[in-house]
Structures are given as C-alpha cells and as structure tokens.
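# Chains, contacts and geometry: an overview
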Protein chains: 4
Amino acid sequence: MSLYQEKWNELADIKAELAERDWFMGTSGNLSIKITNEPLEFLVTASGKDKRKRTAEDFLHVNSEGEKIEETHLKPSAETLLHKEIYQKTNAGCSLHVHTVANNVISELYYQDFEVVFKGQELIKAFDLWEEDAELSIPIITNHADISVLAREFGRHIKSDKGAVLIHNHGITAWGRTGFEAKKILEACEFLFQYQLSLLQINKFSRGGVLS
Amino acid sequence: MSLYQEKWNELADIKAELAERDWFMGTSGNLSIKITNEPLEFLVTASGKDKRKRTAEDFLHVNSEGEKIEETHLKPSAETLLHKEIYQKTNAGCSLHVHTVANNVISELYYQDFEVVFKGQELIKAFDLWEEDAELSIPIITNHADISVLAREFGRHIKSDKGAVLIHNHGITAWGRTGFEAKKILEACEFLFQYQLSLLQINKFSRGGVLS
Amino acid sequence: MSLYQEKWNELADIKAELAERDWFMGTSGNLSIKITNEPLEFLVTASGKDKRKRTAEDFLHVNSEGEKIEETHLKPSAETLLHKEIYQKTNAGCSLHVHTVANNVISELYYQDFEVVFKGQELIKAFDLWEEDAELSIPIITNHADISVLAREFGRHIKSDKGAVLIHNHGITAWGRTGFEAKKILEACEFLFQYQLSLLQINKFSRGGVLS
Amino acid sequence: MSLYQEKWNELADIKAELAERDWFMGTSGNLSIKITNEPLEFLVTASGKDKRKRTAEDFLHVNSEGEKIEETHLKPSAETLLHKEIYQKTNAGCSLHVHTVANNVISELYYQDFEVVFKGQELIKAFDLWEEDAELSIPIITNHADISVLAREFGRHIKSDKGAVLIHNHGITAWGRTGFEAKKILEACEFLFQYQLSLLQINKFSRGGVLS
C-alpha cells in the first residue's frame, strides 16, 4: 500500500469514528493528514460531502498552500488555510476540526477570558502535562468572517506539535504528530468541556479541584 | 435502477440514519422525498411502521394531493398534508419531520415569541446565511389538532427551497432541495437547539454572542 | 417457524434494541412476551444474564403463575410476578421493565404526587389520547421490598391493554397488545420524561403548554 | 481454546463494549483480567493503544507484581499497580478503570466528603445490598501523582471481592469476581452517578428517597 493510500485510510477511519459520535452535524467540520514533508503535501476533506459516508471523493491531495495538486472537480474545504498553518509551523501530522455542542458552548462562556483553563484533571496528561500543578490553557479566538484573517489569528496560537484552539461558536481545531495523537487531544478536550459544563449546570465552578 | 427505486433507497438511508439517533421515539416522525415534478409525485412514510426496520412497506407513492397512487393496504402518514405544502410551494425535494427532546423543549420555551432566533453561530451557514450579522429565525406554530388547519398555518411559513418550522410540542419539519440538504438543515437546527438549551441550563442566554 | 420461536425472536429483537440504548444498566430490567392465552403462557427473561448478548438462555417458558414449564437450570426473573399481573388482567401481549436515569429521576421528583402528568404533548397520542385537552397520567408506586406486595400494588394500576407504571427509583414497566406497541409506549414515556427533565433543568415547569 | 485465550477474548469483548460507550476518551482507562491464582497472573492493557481497535497488542501477560512475563516491546499500563492491589487482596477476577464525565464530576462534588452515598435505589442491589435501608458508599480518594502512593491509598479501600473506588478527577476502578460482575458493578455506579447529577442539575438532592 502506498503512503498516499495508507494516509487516506487513516484519515477515513478517523472520519468514520468522529462521524459515529455525530461530531459533523450539519456537514460542519474538516480534517487533514500530512503525506510528505518536503514538499509539504496533505490530504484534506472535500467541501460539501456527507461525512457519514465513505467514498473516493472524501479527500483531496493539496500542496503547502492548500491548493489541489490533482485533476479533480472537488474543492478543498474552505478552512484548509487553518490546516496549512499547522503543518507550516509544526511537525504535526494530522489536524481535526469539529463542532460539538460542548465545544461551542465553552467557546461562548469563556470568550471574554480568551481561554479556558483546566487544572487538577487527570485528562490534561493527554497534553503531556504531568506536573501536579500543571495547567492546561486552551485559547479561544474570534470567529473572523474573513478566512485569511481567521487563519492568521489562529496561527498565533500554534506553539507545539500538538495542541488545540477554540474558535468562538465555530468549533475546535486539534492537532498532533499522528492521527492517533490528534484524536487523543481532541477527545481529551471534549471530555474536559463536558466535565466543565456538567459542573456549571449544578452551579459549581471548578478550577484546580476547589469548588466555589 | 429506476428513479423510483433510487429515491426509495435515498429516503430509506436517511430514515436509517435518523433512526440510529433515536429521532423517531414512540413511532413519531414522518419523511418524504419527491420523485417527479410534473406530475408532482412523492414517497411518504406509511403510517404505524417501526422506523428502525427497513422493509418494503416503509413508504408509499402518493400524488400532489398526498393520495396514494398504488394498489396497497398501507396508509400514508396523517401528516402527509404538511409535506404536500412544501412540494407545492417550493422546489424542495425532501422533507423530514422528527421529534427530539431538544426541538420540543425549544418549541415550548420560545412559543410565546413565535420564533427562536440564532445569531453569531457558525452553523447558521447551513441556511446560506453568510453575512457577519445574519440572523436565523425558526418559526414556532401552534399544534392545531385539525391537521388541515395545521397544514395551512404551516404553509404560511414556507418561503424558500430549504427551511425549517417548529410545531409547538410536536417536533420540527425541515426541508431542502435534496435529501442531503434536508438532513443538513435538520442537523444544524438540532445542534443549535442543543447549544441553546445547554446555555440555558447554566442560566446564560446568548443572542449574537453576548452573554446576559 | 413455530409460534414459540416467533415470539422468542420478537422478544430477542426488542431486547437487542433496548440494550443498544443502554436501558439495562447493571443487569437491571426484565422483559416478557405472551405465547398463548389458554392456557396463559409467556416467555420471560432469565435471571442474571448479560442482556447485551443474544443466547439460547435469554428467556424461559413459564405458565400463568410465572413458574417455569420447561426442564431448565435457568430461573425466571424475580419480577416475573409483575408481568403475570399484566397478562392476567388485560389482553396485553408484551411487557417491558427497564431502568433509565430519566425514569428513575422522574419517579423521585414526582413520588409525593403519586403520578406524573403530561398534557399538550404530541407524544401522548401513543396512549391513544387524541382529544386536545387530554392528559396522560403515569402512576408512581412505592418500591416495596417484598415482591408480592409490590406486585399487588402494581396490579391496582393496570387498567388497560396498554399502559405504564413507574416504581419509585426502580424503573418503569410498560406494556401493550404487541411487542411493537409495548415498545412504542415505553419510548413515548422516556421521551416525555427527558423532555420534562430538560425543562426542569432550566427552572421551567410545563403543564399543558404554559410555562411557570 | 486455552484459558489464556479465553480470558483474552473475555477482556477484549468488555473493552469493545466500554469503548462503544466512549468510556476511554483521550486514551484514558485500563483493564485487567486474572488468568491464574497460583501463581497470580493476569492480563492488563498495554500502554498507549487505541482502545476502539481490537488487536493482538491490546493486552500483556503480567505476574503478581504487574511485571510482564512474556517477550514483548509492549509496556503494561502505568496503573497496573492498582489492578495488582485488587488481585492480591481479594478473589476478584476482573478490574476495570474508566473515566466518564459523570464519575469525574461526582468525584469532584463529593471529594470533601471522602465518599458518595446512595440509598433507596434499586440499582445498589448490584452490590448485593438487599436490605430496605441499605446504603452504598463509594470511597473517593486523592489523586496522588506518585503511583505507588496512589496504589497504597487505593488498597486501603479494597474490602470485598467486588467493589468500586473513585479517584479524584481520575475516574473509577470497579472490580468483581468475573468480567461480567465487574461490568455490572461499573454500570450500576455510572447509572447512580448520572442519576445523582440529574437531580443536582434541577437543584434537588436525594438521599434515601427524600427530596430536600
């Protein structure tokens, strides 16, 4: 199996798994996986497809600028620019953008803080935070209508080979060195968001294990 | 494969997908898909069937008045009149009516307002609302016991080839030019409803991204 | 296929469907389906089985007193007495007892009222309540530790070929003339319970469509 | 089929079932099953694997100290020490550690009480508590960063062949004499946690069936 086919299958499997959780409601969301470093090339979801189906038109092959490099009528997702930022700035190998009710609600509740912070939670270890007092901060950025402005703002928060950024009322983008790691980061974030919302629903706020 | 069979399969696939999410609780819900424009003919769910099963008796072939045009013991869903309104007034090709806890609760909470409004949410783009300040209004109508009265009231709110209307404590009807688009509209609505309920559960109200 | 085998398969399918929704948490729940009227005989779930698996030991053949009438090491569910009450008092053909978080919470919240009442909800039509002002009352009874006391109290509330009774912090029993109808009644109840809890979570109480 | 293979399959089936419920978010969680008593040997999940997949590298064969006793590049889960405590102190045959939103939130809300207590709930019978006034107490321990300190503290609460312990913001460990029993205990706990959170979300607190 070629590297291209291998990466295609890996991304298709991840897509199927996220689709099963209904993380692409209303055809939202987009995914990508890196194929080669030099030149930088990756697969990205085609625009306007049903992500619950597995077809030969699910992904496109694009270059470092996110432009398609194969003969096809398909169009890369409008948000390919955000994936490009990640691959250009880090050694990440996979990037996942999804909308969930929890991530959008968190992005709304903590928008004024520019971030949501987690501490004292076992699951922040997914981000390699092992110290007892470690804090995980997930930035929340404005959902600029102009996608190039959004991509630039997004790029400012890409500081590691794995990470996550919330866009205000526009889902989360999580990335990692492999598809497996990107999925791990994404799941850890969603778990933490649901945890926080559950506490808030009973009028409790937790930061660092202390209720207030 | 005939056009009839193709449309049958498309609707059966959509039914299976919505059934998997448990959007037909208590045998509620009904679906339809257009076969031809002239004369207007469509498939609609038969009354009293288990929507988690896939059988040859799931749908009936009906004419522009919603009357069956095949020899069968089956009866079209009592709410076929609502589907008929959509096909007569627009170029829609598919219409989906489902009950979810979220859509019924929203229909109850905002009933006095005659509508629920969303703004500043990425997912309203499913309705082709791209402007930065765009607002999505989903009308909420009274659940008239007389189905012809309900259909007439429902018809007043059909203004586009895609759209959605909430019926008070009686689910949502979403439609689009294709089955895929109808499903997209429906999913976007359900996402927005769940989002709104989640905010309300923590005593926050959001309209246009400002918490109050 | 014999009547016995047909009924077995029907109940096994229902079990699989409810198991998929996780309505048998902690091995809770029990199900039955009638085979013959004279003499009254039915199938009931065997005690202590994993309801997510489909095996030849899932159900037992019992008589009108709920005593096994086949050579087997299996024991009928301890709550077979409740199923027996239903078949003795009505023409019901299937009875389903499940624990869900929603039905247990509702049984706790409305325990002092001896019932939970729904009005103005489309889904109460599952109970054949078609009038505009129709009210659905689901009784809530005490969870007597003595199963024969529980069965007698339960029996007092069996008034129709289809219905449902909540037992305080001990799930719901729903029944109908067929397996399909029992499932419909059960799903309608669960939907209404979830609806009510969702409203209560945002400090709203609805009865008959008026918020207070 | 060898005992080894039989136990492997049993644990793999349990893993698949829990994975389907998304109880291993962010690659969290670990599982074990005993193979022999003398010498004490068990299978435990390998570190860093995708628990939604079923592979020949999912588990390792370890001895009574949790050290691997087969030639392999795999590493036992870092929390193998906790499983070891259970097998050394009881006749348990299976132990399951998972993170759910509900169990982490409960561990946070009741952390100051050192336990969460359930009473008047049918599902506490999963713990063989049959008396009418029986109380189920699930201990909540501090999430010590040093795994050997955590294991020692954890060990203090292992008092029976079946049981469960919450670790503060670090999930639950549930065990039983068989895989089936461990799963039953785990499911009963999760059900009770979700029940409690649902009551708390509507500002009600229940202990022993009395609302306050």
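Residues numbered from 1 in each chain as written. Chains lettered and ligands numbered in written order. Predicted model: local features only at pLDDT ≥ 70, side-chain atom pairs only at ≥ 80, totals over all residues. Heavy atoms only, no water.

Stated formally: UniProt positions are given in the numbering used here, feature names are shortened, and annotations may be inferred rather than shown by experiment.
Under the annotation held in an unreviewed UniProt entry, chain A carries the name Methylthioribulose-1-phosphate dehydratase and is attributed to Heyndrickxia acidicola. We quote the UniProt Catalytic activity (unreviewed entry) comment for chain A here in full: "5-(methylsulfanyl)-D-ribulose 1-phosphate = 5-methylsulfanyl-2,3-dioxopentyl phosphate + H2O". Database annotation for chain A, UniProt heading Subunit (unreviewed entry): "Homotetramer."

### Examining the interface of chain A and chain D
Test applied: Throughout, a contact is declared for two residues whenever any of their heavy atoms are within 4.5 Å. By convention, the term buried area covers the 1.4 Å-probe accessible surface removed from two parts as they join, with the contributions of both added. Every case where a carboxyl oxygen of Asp or Glu lies within 4 Å of a side-chain nitrogen of Lys or Arg is listed as a salt bridge. A 3.5 Å cut-off defines polar contacts: any pair of N or O atoms within that distance qualifies, except that in protein one atom must be a possible hydrogen donor and the other a possible acceptor, and neighbouring residues in sequence count only when both atoms are side-chain atoms. A helix here means a DSSP run of H or I that spans at least four residues, while a strand means a run of E at least two residues long, and both kinds are numbered starting from the N terminus.
The interface of chain A with chain D comprises 28 residues on the first partner and 27 residues on the second. Here chain A packs against chain D, burying approximately 2,300 Å² in sum over the two surfaces, 57% of which is carbon and sulfur. Per-residue buried area on chain A facing chain D is highest for E122(A), F191(A) and I202(A); these three make up 24% of the total on that side. Taken together, chain A and chain D are joined by 4 salt bridges. Between R52(D) and E20(A) there is a salt bridge, and its shortest N-O distance comes to 3.8 Å. Viewed at the interface, chain D and chain A are joined by 12 residue pairs in polar contact (both at pLDDT 80 or more). When residues of the side of chain A that touches chain D are traced back to their parent elements, those giving at least two are α1 (3–20), α5 (179–201) and β10 (210–211) of chain A. When residues of the side of chain A that touches chain D are assigned to their parent elements, the largest contribution, 12 residues, is made by α5(A).

### Quick notes on the interface of chain C and chain B
In plain terms, the rule: Think of it as three bins: nonpolar holds Ala, Val, Leu, Ile, Met, Phe, Trp, Tyr, Cys and Pro, charged holds Asp, Glu, Lys and Arg, and polar takes everything else, Gly as well.
Contacts between chain C and chain B engage 28 residues on the former and 27 residues on the latter. Interface area, chain C with chain B, both sides summed: about 2,400 Å², of which 57% is carbon and sulfur. Of all residues in chain C, E122(C), F191(C) and I202(C) give up the largest surface area on contact with chain B, accounting jointly for 24% of the area buried on that side. Remark: the boundary between chain C and chain B carries 4 salt bridges. At the boundary of chain C with chain B, the tally comes to 12 residue pairs in polar contact (both at pLDDT 80 or more). Sorting the residues of the side of chain C that touches chain B by element identifies α1 (3–20), α5 (179–201) and β10 (210–211) of chain C as the ones contributing at least two each. Looking at the side of chain C that touches chain B element by element, the count peaks at 12 residues for α5(C). Across the side of chain C that touches chain B, the residue classes break down as 10 nonpolar, 8 polar and 10 charged.

### Focus on the relation of the copies chain A and chain D
Keep this limit in mind: Our superposition of the copies is a least-squares fit, built on the C-alpha atoms of residues whose pLDDT is at least 70 in both.
The operation relating chain A to chain D is a screw motion whose rotation component is 90°, with 0.0 Å of axial translation and a residual RMSD of 0.0 Å. Taken together, these values place the two copies in the relation of a four-fold axis. The rotation axis passes nearest to the C-alpha of Q201(A) in chain A, at a distance of 4.0 Å.

### A word on the relation of the copies chain C and chain B
Structural alignment of chain C on chain B gives an RMSD of 0.0 Å, achieved by rotating through 90° and translating 0.0 Å along the axis. A distinct binding surface is used by each copy, with only 7% of the interface residues of chain C retained as interface residues in chain B.

### Digging into the sheet that holds strand β6 (residues 135–141) of chain A
All names here are of chain A. Note the following rule: Strand pairing is assigned whenever DSSP detects at least two bridges linking the two strands. Only the stretch in contact is used when a helix axis is fitted, and all axes are lines through C-alpha atoms; the angle between N-to-C directions ranges over 0 to 180 degrees.
If you walk across this open sheet you meet the 8 strands as β3-β2-β1-β4-β8-β7-β6-β5, and the pairing is mixed. Only two strands of the sheet have a single neighbouring strand rather than two, namely β3 (59–62) and β5 (115–119). Strand-to-strand twist in this sheet, taken as the mean axis angle between neighbours without regard to direction, amounts to 20°. As defined by bridge partners, strand β4 (residues 94–98) adjoins strand β8 (residues 172–176) across 5 bridges and the pair is classed as antiparallel. Residue pairing across strands places H97 opposite T173, the latter belonging to β8. Across the sheet, α1 touches β1 (30–36), β2 (41–45), β3 and β4, and the angle it forms with β1 is around 160°.

### Comments concerning the sheet that holds strand β4 (residues 94–98) of chain D
Residues and elements named next belong to chain D. Taken in spatial order, the 8 strands make up an open sheet running β3-β2-β1-β4-β8-β7-β6-β5, and their pairing is mixed. What marks the edges here is a single partner per strand, and that holds for β3 (59–62) and β5 (115–119). Recorded for the sheet is a direction-independent mean angle of 20° between the axes of neighbouring strands. Both strand β1 (residues 30–36) and β4 contribute to a ladder of 4 bridges, which runs antiparallel. Considered in β4, the bridge of I33 is made with C94. In the packing of helix α1 (residues 3–20) onto the sheet, contacts are made with β1, β2 (41–45), β3 and β4, and the angle to β1 comes to roughly 160°.

### As for the packing of aromatic side chains
Note the following rule: Aromatic pairs are defined between Phe, Tyr and Trp rings, using the six-membered ring for Trp, whenever the two ring centres lie within 6.5 Å; interplanar angles under 30 degrees are classed as stacked, those over 60 as edge-to-face, and all others as tilted. For every residue, the accessible area obtained with a 1.4 Å probe (protein chains only) is divided by the maximum for its type, and the residue is called buried under 20%, exposed over 50%, and partly exposed between those limits.
All told, the structure shown has 20 aromatic pairs over all chains when counted by the stated rule. Considering the side-chain rings of W8(C) and F59(C), the 4.9 Å spacing of their centres and the 75° angle between planes classify their relative orientation as edge-to-face. Of the two residues, W8(C) sits in helix α1 while F59(C) sits in strand β3 (residues 59–62), which places them 51 residues apart along the sequence. Accessibility expressed as a relative area gives 12% for W8(C), which makes it buried. Classification of F59(C) by relative accessible area gives buried; the value is 1%. Ring centres 6.1 Å apart and planes at 40° place the aromatic pair F118(D) and F193(D) in the tilted group. With F118(D) in strand β5 and F193(D) in helix α5 (residues 179–201), this residue pair connects regions lying 75 residues apart in the sequence. Considered together, F118(D) and F193(D) belong to a single accessibility category, that of buried residues.

### Remarks on the packing of helix α2 (residues 80–89) of chain C against helix α4 (residues 147–155) of chain C
Residue and element names in this part refer to chain C. Test applied: Should an angle fall under 35 degrees it is called roughly parallel, over 145 degrees roughly antiparallel, and 65 to 115 degrees roughly perpendicular, with every other angle called oblique. The crossing is said to be left-handed when, going from far helix to near helix, the turn is anticlockwise and less than a right angle, and right-handed when the turn is clockwise.
The contact between α2 and α4 brings their axes to 9 Å, and the two run at 30°. The angle between α2 and α4 places the two elements in the roughly parallel class. Helix-helix and strand crossings are classified by hand; for α2 and α4 the assignment is right-handed. Residues L81, L82, E85, I86 and K89 of α2 lie in contact with α4, whose contacting residues are I147, S148, L150, A151, F154 and G155.

### Examining the UniProt feature "binding site: Zn(2+)" (unreviewed entry) in chain A
In the numbering used here, UniProt assigns the feature "binding site: Zn(2+)" (unreviewed entry) to H97(A) and H99(A). Positionally, H97(A) belongs in strand β4. Since its relative accessible area comes to 2%, H97(A) is described here as buried. Setting aside residues up to four positions removed in sequence, H97(A) forms contacts with F24(A), G29(A), N30(A), L31(A), E79(A), I167(A), H170(A), G171(A), I172(A) and T173(A). Along the chain, H99(A) falls in the loop between β4 and α3 (101–109). For H99(A), the residues in contact, after removing those within four places along its chain, are W23(A), S28(A), G29(A), N104(A), N169(A), H170(A), G171(A), E122(B), L123(B) and F191(B).

### Considerations on the arrangement of the chains
For the non-touching pair chain A and chain C, the nearest C-alpha separation works out to 8 Å. At no point do chain B and chain D touch; the closest pair of C-alpha atoms across them sits 8 Å apart.

### Remarks on a negative patch on the surface
Applicable threshold: Like-charged residues within 9 Å of one another, or nonpolar side chains (Val, Leu, Ile, Met, Phe, Trp, Tyr) within 5 Å, are grouped into patches, provided each residue has over 30% relative accessible area and no salt bridge. For accessible areas, the Shrake-Rupley method is used with a probe of radius 1.4 Å. Any residue's cover is judged against the shown protein chains and nothing else. Counted as positive: Lys and Arg. Counted as negative: Asp and Glu. His and the chain ends are not counted at all. We put the charge of a Lys on NZ, of an Arg on CZ, of an Asp on CG and of a Glu on CD.
Side chains of D113(A), E115(A), E131(A), E132(A), D133(A) and E135(A) sit close together on the surface and give a patch of like negative charge. Of note, D113(A) is situated in the loop between α3 and β5.

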